[in-house]
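# Architecture and fold: a report
For reference, the chains in residue letters:
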Amino acid sequence: DHYPVQRSSLQPLRKLSEAIPAAMDGVEARAQQAEDMVAKLKARLSTLRDLVEKEEIAKLTAENAKLQADVDAAKAQLRGIKEKAGQQHYPLPGEPGYTPPPAAHAAAAAAPRSAQQKSAKAAAKPKADKAEKAANPAKAASGGKGAKGASAASDVMDVSLLDFRVGLIKDASPHPESDKLYIENIETGSGTIVVLSGLSGKVPLEELQNRPVVLLMNLKPAKMGGIMSNAMVMCAGTDPLEVLAPPAGAVPGDKITFPGISGEGKEPASANSMKKKKILEQLLPDLKTDDKCVACYKGVPFTVEGKGVCTVKSAKDAFIK
């Protein structure tokens, strides 16, 4: 009843069982190779990431250096322009000697009162106020503001802080050590002063002989090319510059006024205040000629009372500096 198993029929099974461990070993070896390759790839990716970051940092550093160089070049160009225009250079942010401008005066904003509140306050106001006004008519005329009202008026930032006067250039000559500057002896009505202007190459020297000009008088004296300059000759335009001309009949010492300006009639700022508060820098953007070549502040002409307005030859809508 039993069938004998022939050995020849078991040979394939034996070979298969012997081949399986070898195949498993091969699979494990390939798996290990794959893991090693993945590890190498990760290491390469990390290295590439580090290289990219270093390259990006180097690129940004180079760009920052270029931007800084551009800023420095722009500052140098601005200094050159001011020197050519005969203006004093004030240090810019990041330059030695720079001081930040004073904080703007804070405006006191009173909350609006209702009609009921006003009437209640009026009813409760002591009669002593009336007696005080009668005893002190000056305070009553000022609206009761007193020193605070005067202080607020003095804080107005407008062209009345600038002391513009008519001057007469008696003679002008080139600076012996600077090809950008002229030395001018100018009559101001109270004496002769020396002024240095960066007009060389922008205004012919012969046009500055015995010539009436507009001067800014309340700047702090400053050395230019080793010589102290005591005022600024006002000009308009860029290239060429045109010197502001007072009206016919104006004489040295005549004050330039601006009819209708709120601060008109008060004392100009001191030279120290001009420098400390950077008053000129704040007001320069509003000094321009109009379309008729009349020098103006916010559209109000530079005026010599009873004689006329200050003008330039042809520079229309040009900044005054």
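All figures in this text were calculated on a predicted structure; none of them were measured in a lab.

How each quantity is defined
- Residues numbered from 1 in each chain as written.
- Predicted model: local features only at pLDDT ≥ 70, side-chain atom pairs only at ≥ 80, totals over all residues.
- Heavy atoms only, no water.
- Helix = DSSP H or I, 4+ residues; strand = E, 2+ residues; numbered from the N terminus.
- Buried < 20%, exposed > 50% of the residue type's maximum accessible area, 1.4 Å probe, protein only.
- Contact = heavy atoms within 4.5 Å.
- Areas by Shrake-Rupley, 256 points an atom, 1.4 Å probe, with all protein chains shown as cover.
- Pairing = 2+ DSSP bridges.
- Polar contact = N/O pair within 3.5 Å; in protein donor to acceptor, adjacent residues only side chain to side chain.
- Disulfide = S-S within 2.5 Å.
- Salt bridge = Lys/Arg side-chain N within 4 Å of Asp/Glu carboxyl O.
- pLDDT = per-residue confidence, 0-100.
- Phe/Tyr/Trp six-rings, centres within 6.5 Å; stacked < 30°, edge-to-face > 60°.
- Lys NZ or Arg CZ within 6 Å of the ring centre and 35° of its normal.

## Details of the overall build of the protein chain
Scanning the protein chain for helices and strands turns up 7 helices and 14 strands. Counting the 321 residues in the protein chain, one finds 28% classified as buried. For the protein chain, restricting intrachain contacts to residue pairs at least 6 apart in sequence, the fraction spanning at least 24 positions comes to 65%. On the protein chain, roughly 20,800 Å² of surface is accessible, and the fraction owed to carbon and sulfur atoms is 58%.

## A few points about the sheet that holds strand β7 (residues 232–233)
Taken in spatial order, the 5 strands of this open sheet run β3-β2-β1-β4-β7, and their pairing is antiparallel. Only two strands of the sheet have a single partner each, and these edge strands are β3 (192–197) and β7. Judged from the 6 bridges that link them, strand β1 (residues 164–174) and strand β2 (residues 182–187) form a sheet pairing that is antiparallel. Its bridge partner lying in β2, proline 174 is registered against tyrosine 182.

## Observations concerning the side chain of serine 229
Its location among the elements puts serine 229 in strand β6 (residues 227–229). Within polar-contact distance, the side chain of serine 229 engages the backbone nitrogen of leucine 196 at 3.0 Å. Once residues lying within four places of it in the same chain are set aside, the contact partners of serine 229 are Val194, Val195, Leu196, Pro221, Ala222 and Met224.

## Here we look at the environment of valine 309
Inspection of the secondary structure puts valine 309 in strand β14 (residues 308–309). When its relative accessible area of 31% is taken as the criterion, valine 309 is described as partly exposed. Counting along the chain gives 52 residues from valine 309 to threonine 257, while the straight-line C-alpha distance between them is 9.4 Å. Contact partners of valine 309, with chain neighbours within four places excluded, come to Ala245, Pro246, Pro247, Val294, Pro301, Phe302 and Thr303.

## Description of the state of the cysteines
In total, this model carries 0 disulfides according to the counting rule given. Left unpaired, cysteine 296 is separated from the closest cysteine sulfur, that of cysteine 310, by 10.0 Å. With relative accessibility at 4%, the residue cysteine 296 sits in the buried group.

## Thoughts on unusual backbone geometry
Here asparagine 210, not a glycine, exhibits a phi torsion of approximately 55°, which is positive. Residue asparagine 210 is classed as exposed on the basis of its relative accessible area of 57%. The residue lysine 278 is not glycine, and still its phi comes out positive at about 50°. When you line up the elements, lysine 278 lands in the loop between α6 (271–276) and α7 (279–283). Judged by relative accessible area, which is 14%, lysine 278 ranks as buried.

## Here's the deal with the pattern of salt bridges
Under the definition given, this model contains 5 salt bridges. Among the salt bridges present, the one from aspartate 70 reaches lysine 66, with a minimum N-O distance of 3.3 Å. Placement of the pair is aspartate 70 and lysine 66 together in helix α1 (residues 7–84), with a separation of 4 residues, close to one helical turn. Looking at aspartate 70, the relative accessible area reads 37%, which means it is partly exposed.

## Here's the deal with the confidence of the model for the protein chain
Per-residue confidence for the protein chain gives a mean pLDDT of 80, with 72% of residues at or over 70. The low-confidence segment residues 103–112 (pLDDT under 50) makes 2 contacts with residues lying over four places distant or belonging to another chain.

## Section: the pairing of β1
Alignment of β1 against strand β4 (residues 211–216), held across 6 bridges, turns out to be antiparallel. Directly across from leucine 168, in β4, lies its bridge partner proline 212.

## Description of the sheet that holds strand β11 (residues 295–297)
Strand order in the open sheet made by the 3 strands is β10-β11-β12, with antiparallel pairing throughout. Pairing within the sheet leaves two strands with one partner each, and these edge strands are β10 (287–289) and β12 (300–301). Both β11 and β12 contribute to a ladder of 2 bridges, which runs antiparallel. Residue pairing for β12: cysteine 296 is matched across the bridge by proline 301.

## Concerning the packing of aromatic side chains
Aromatic rings considered in pairs are described by the distance between their centres and by the relative angle of their planes. A complete count under the given rule lists 4 aromatic pairs for this structure. Taken together, a centroid distance of 6.3 Å and an interplanar angle of 75° make the contact between phenylalanine 258 and tyrosine 297 edge-to-face. In this pair, phenylalanine 258 sits in the loop between β9 (241–243) and α6 while tyrosine 297 sits in strand β11, placing the two residues 39 residues apart along the sequence. Of the two residues, phenylalanine 258 and tyrosine 297, neither departs from the other in class, the shared state being buried. With a relative accessible area of 1%, phenylalanine 258 lands in the buried category. Each residue in the set Phe164, Phe258, Tyr297 and Phe302 is aromatic and connected to the rest through ring pairs, giving one cluster. Over the ring of phenylalanine 319 we find lysine 288; its NZ or CZ atom is 5.0 Å from the centre of that ring.

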